[in-house]
Amino acid sequence: MRRALVAGNWKMNKTIEEARTLAREVAEGVAGDGLSQADVLLGPPYLALAAVVEAVSGSAVGVAGQNCSHQADGAYTGEVSVSMLRDAGATHVILGHSERRELMGEGDGLVARKSKAASAGGLTPIICLGEPFTTRRAGTTLARIAHQVEHSIQGAFGSPPPGGFIVAYEPVWAIGTGLTATPEQAQETHAFIRERLEAIFGLECAQETRILYGGSVKPDNAADLFAQPDIDGGLIGGASLNSADFLEIIRAAQMDSAST
Ligand code: 13P
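Residues numbered from 1 in each chain as written. Predicted model: local features only at pLDDT ≥ 70, side-chain atom pairs only at ≥ 80, totals over all residues. Heavy atoms only, no water.

A. Here's a closer look at the site of the ligand. Taken together, the residues surrounding the ligand are N9, K11, H97, E99, E170, I175, G214, S216, L235, G237 and G238. With respect to the ligand, the side chain of N9 contributes an N or O atom lying 3.1 Å from an oxygen atom. Here H97 contributes a side-chain N or O atom positioned 2.7 Å from an oxygen atom of the ligand. In terms of residue class, the shell around the ligand is made up of two nonpolar, six polar and three charged. (Near = heavy atom within 4 Å. Polar contact = N/O pair within 3.5 Å; in protein donor to acceptor, adjacent residues only side chain to side chain. Nonpolar A, V, L, I, M, F, W, Y, C, P; charged D, E, K, R; others polar.)

Structure (structure tokens):
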């Protein structure tokens, strides 16, 4: 059975002090409520990473970067390397997020290079895939996802890492638009991602890979989404910015883990 994972992506939110407070609240909530059935990660902005790592130290909560460079070091103004993230205490990094693909023009090739660099440098990548509204409307979602699996994941890895990958499916059209994917729509795409991973990397990798849903998970839809067989947790944006909502989502993931 796959262990549920709930990752908060704070995006460009929170000062260092606000981040420290939120991280403490989450770590205390996870410990206080005995939420040990699901893995939990927080994804603060770079400047708050060290404060968040310190705030969660000694707890079961881990920390992820929101992006990294594929270069090791050198003249890359504004970039942050894998070793810098590790040095700050991160264990994971979110790569190919829909906002980086849409707003910063990151393509599959770059996502693959970053994933490869992260993995080689000891950070676990959370590789994001997803289609925009035009693709969904044109009915070509699965073709687009298949292309992303091939070029963002297969392009980076000749063989799968032990324990499989962490992938996040983000239907771009359901992020901050008021539109939502139904649990069945999300499940269909998750199952398809798993099927493609099986075709490329084999059954064991497909069964071990955790596929997170990243399309506006909220406390009131989390349980229905996590009940789907191929949804192994969530990459949470807005609802990870306050501890009460985020803890409720972790609770939903934990209950799903306990029941399967
Ligand atoms: P929201 O949960 O705010 O829709 O964001 C989703 C997302 O982009 C997660 O990375």
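B. Representation of the packing of aromatic side chains. A full pass over the atoms with the stated rule returns three aromatic pairs. Ring centres of F157 and F165 lie 5.0 Å apart, and the angle between their planes is 70 degrees; this geometry places the pair in the edge-to-face category. Considering the side-chain rings of Y169 and Y213, the 6.1 Å spacing of their centres and the 45 degrees angle between planes classify their relative orientation as tilted. With Y169 in strand 6 (residues 166-169) and Y213 in strand 7 (residues 210-213), this pair connects stretches of sequence that are 44 residues apart. No difference in accessibility class separates Y169 from Y213, as the two residues are buried. (Phe/Tyr/Trp six-rings, centres within 6.5 Å; stacked < 30°, edge-to-face > 60°. Helix = DSSP H or I, 4+ residues; strand = E, 2+ residues; numbered from the N terminus. Buried < 20%, exposed > 50% of the residue type's maximum accessible area, 1.4 Å probe, protein only.)

C. Geometry of helix 8 (residues 183-201). Here helix 8 is 19 residues long and its end C-alpha atoms lie 26 Å apart, about the 27 Å a rise of 1.5 Å per residue gives. Listed in full, the buried residues belonging to helix 8 are A186, Q187, T189, H190, F192, I193, R194, L197 and F201. G202 occupies a position one or two residues after helix 8 and carries a positive phi of about 100 degrees. (Expected span 1.5 Å × (residues − 1).)

D. Region of interest: the pairing of strand 6. Along strand 6, one buried face is formed by I166 and A168 and the opposite face, lined by V167 and Y169, is buried too. The sheet contact formed by strand 5 (residues 124-129) and strand 6 spans four bridges and is parallel. Bridge pairing links I126 to I166 in strand 6. Bridging between strand 6 and strand 7 involves four bridges; their strand directions are parallel. Pairing of Y169 across the sheet is with Y213, part of strand 7. (Pairing = 2+ DSSP bridges.)

E. Main features of the nonpolar core. Grouped together as the largest cluster of nonpolar side chains are 68 residues, with contacts concentrated most on V26, L42, I193, F226 and I250. If sequence neighbours within four positions are ignored, F226 has contacts with V217, I231, G233, G234, I249, A252, A253 and D256. Core analysis: the second largest hydrophobic core is formed by 10 residues, I94, C128, L212 and L235 among them. (Core = buried A, V, L, I, M, F, W, Y, C linked by side-chain atoms within 4.5 Å. Contact = heavy atoms within 4.5 Å.)

F. Quick peek at the environment of E25. Here E25 shows up in helix 1 (residues 16-32). In this structure E25 comes out as partly exposed when scored by relative accessible area, which is 35%. Along the primary structure E25 and L247 are separated by 222 residues, whereas in three dimensions their C-alpha atoms are 9.2 Å apart. When neighbours within four sequence positions are excluded, E25 is seen to be in contact with S243 and L247.

G. Examining the layout of surface pockets more closely. In this model, the largest pocket occupies a volume close to 450 Å³. What lines the largest pocket is a set of 18 residues, among which K11, M12, Q66, R100 and M104 lie closest to the centre. The element contributing the most residues to the lining of the largest pocket is helix 4 (residues 98-103), with three residues. In terms of residue class, the lining of the largest pocket is built from eight nonpolar, six polar and four charged. (1 Å grid on protein atoms, 1.4 Å probe; cavity = no way out; pocket = protein on both sides within 12 Å on 5 of 7 lines; lining within 4 Å. Points joined across faces, edges and corners; volume = space filled by probe spheres on them.)

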